[in-house]
Amino acid sequence: MVAIPEIESTLRDVGLVSRGGFHPQAEDRVPPMPDEADVGTLLLVGNVGDAMWRHFQAVKSEYAADHPLNEWSRRAIETIAARCGAHALFPFDGPPYLPFQRWAQRAEPVAPSPLGTLIHPDYGLWHAYRGALAFRERIALPPFDVRSIPCDHCRDKPCLSVCPVRAFAAGGYDVGACLGHVGGEHGGECLERGCMARRACPVGERYRYAADQARFHMHAFLRNARP
Ligand code: B12
């Protein structure tokens, strides 16, 4: 049976990291293995800071322009899955989308920030999920790392006040207002340097995405989220 440290080292080779795992229950709605067997262990895979970006950037031009990072993720994670006898699942396959944010909260000490994206006590908002490895076996996992949620102690919540179009003001995320701003004549600051609300968060400073990585994500968002 594969061990977690072995998988972690294979992921690190392409700039990815294990984002924790859990033993799924029926209510987790983890799809079965290709032969319909139940999944014994689900391991989330993601990116933290700029490690993945450095690997992806070097080969970006080999991938089609529409969704290069998704294609890169699929190739990298399916290769790793085949090597360790797992089945790969992806957050971008859908709709309907797999509940990666719910799974993430089972696997690691992350919680919804006021922006809707999950905050991690160390990485802040500078992380995401690129896939998951589903194993038939029940692999031994380290104990869940219980941590406090930074937003619970953040009095000023600058993330909620800096957005020029108040896209997060009403307790949800106004995608239309956000897109209108980012793609409009005053959206350059978000489009070229990354979402101002996300950048206003003081947590995880050293994991902040570099300018070219932030620009890539914002351009992809604008290209793909428009109706
Ligand atoms: C559809 C989608 C979008 C849509 C619409 C999002 C919306 N209306 O909120 C669009 C295209 C606009 C979008 C944009 C972005 N997205 Co998006 N998106 C998704 C996607 C593919 C599916 C979400 C979904 O429908 N899940 C299905 C439901 C059933 O899953 P669930 O886990 O049970 O649901 C949880 C979430 O819905 C969450 N939630 C969602 N919105 C809100 C809002 C609030 C206030 C709260 C408290 C919770 C919450 O709560 C649920 C329970 O935990 C996910 C990937 C995925 N598979 O989850 C990424 C995902 C959520 N997106 C992500 C990101 C990073 C972004 C962007 C910031 C990208 C960028 N430009 O850099 C932007 C901006 C979003 C923002 N500022 O909040 C990340 C978030 C990572 C994280 N740290 O949590 C995800 C997980 C993708 C990934 N690869 O990691 N996204």
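Residues numbered from 1 in each chain as written. Predicted model: local features only at pLDDT ≥ 70, side-chain atom pairs only at ≥ 80, totals over all residues. Heavy atoms only, no water.

Caption draft 1: Expanded view of the overall build of the protein chain. Looking only at helices and strands, the protein chain has 9 helices and 6 strands in total. Taken against the 2.2 N^0.38 rule, which gives 17 Å for 227 residues, the C-alpha radius of gyration of the protein chain at 18 Å falls within 12% of a compact globule. Taking the principal axes of the C-alpha coordinates as reference, the protein chain spans close to 55 × 40 × 30 Å. Partitioning the contacts of the protein chain with sequence separation of at least 6, the portion at a separation of at least 24 is 69%. When the accessible surface of the protein chain is split by element, carbon and sulfur atoms take 52% of a total near 11700 Å². (Helix = DSSP H or I, 4+ residues; strand = E, 2+ residues; numbered from the N terminus. Rg over C-alpha atoms; globule rule 2.2 N^0.38 Å. Contact = heavy atoms within 4.5 Å. Areas by Shrake-Rupley, 256 points an atom, 1.4 Å probe, with all protein chains shown as cover.)

Caption draft 2: A look at the site of the ligand. In the region of the ligand, 26 residues are neighbours, and Leu98, Gln101, Arg102, Leu118 and Tyr129 sit closest. Contact between the ligand and Leu115: an oxygen atom at 3.2 Å from a main-chain N or O atom of the residue. His127 has a polar backbone atom sitting 3.5 Å from a nitrogen atom of the ligand. Going through the elements one at a time, α4 (100-107), β6 (127-135) and α9 (211-225) are the ones with two or more residues in the shell around the ligand. Residue classes in the shell around the ligand are distributed as 16 nonpolar, 7 polar and 3 charged. (Near = heavy atom within 4 Å. Polar contact = N/O pair within 3.5 Å; in protein donor to acceptor, adjacent residues only side chain to side chain. Nonpolar A, V, L, I, M, F, W, Y, C, P; charged D, E, K, R; others polar.)

Caption draft 3: Geometry of unusual backbone geometry. Here the bond from Gly94 into Pro95 is cis, since omega is -5°, no more than 30 degrees from zero. Locating Pro95 in the fold gives a position in the loop between β3 (87-89) and α4. Omega for the peptide link from Pro95 to Pro96 comes to -5°, which places this bond in the cis form. Take Pro96: it is sitting in the loop between β3 and α4. The phi dihedral of Arg166 is positive, around 50°, even though this residue is not glycine. Topologically, Arg166 is positioned in the loop between α5 (158-161) and α6 (175-182). Assessed through its relative accessible area of 58%, Arg166 is described here as exposed. (Buried < 20%, exposed > 50% of the residue type's maximum accessible area, 1.4 Å probe, protein only.)

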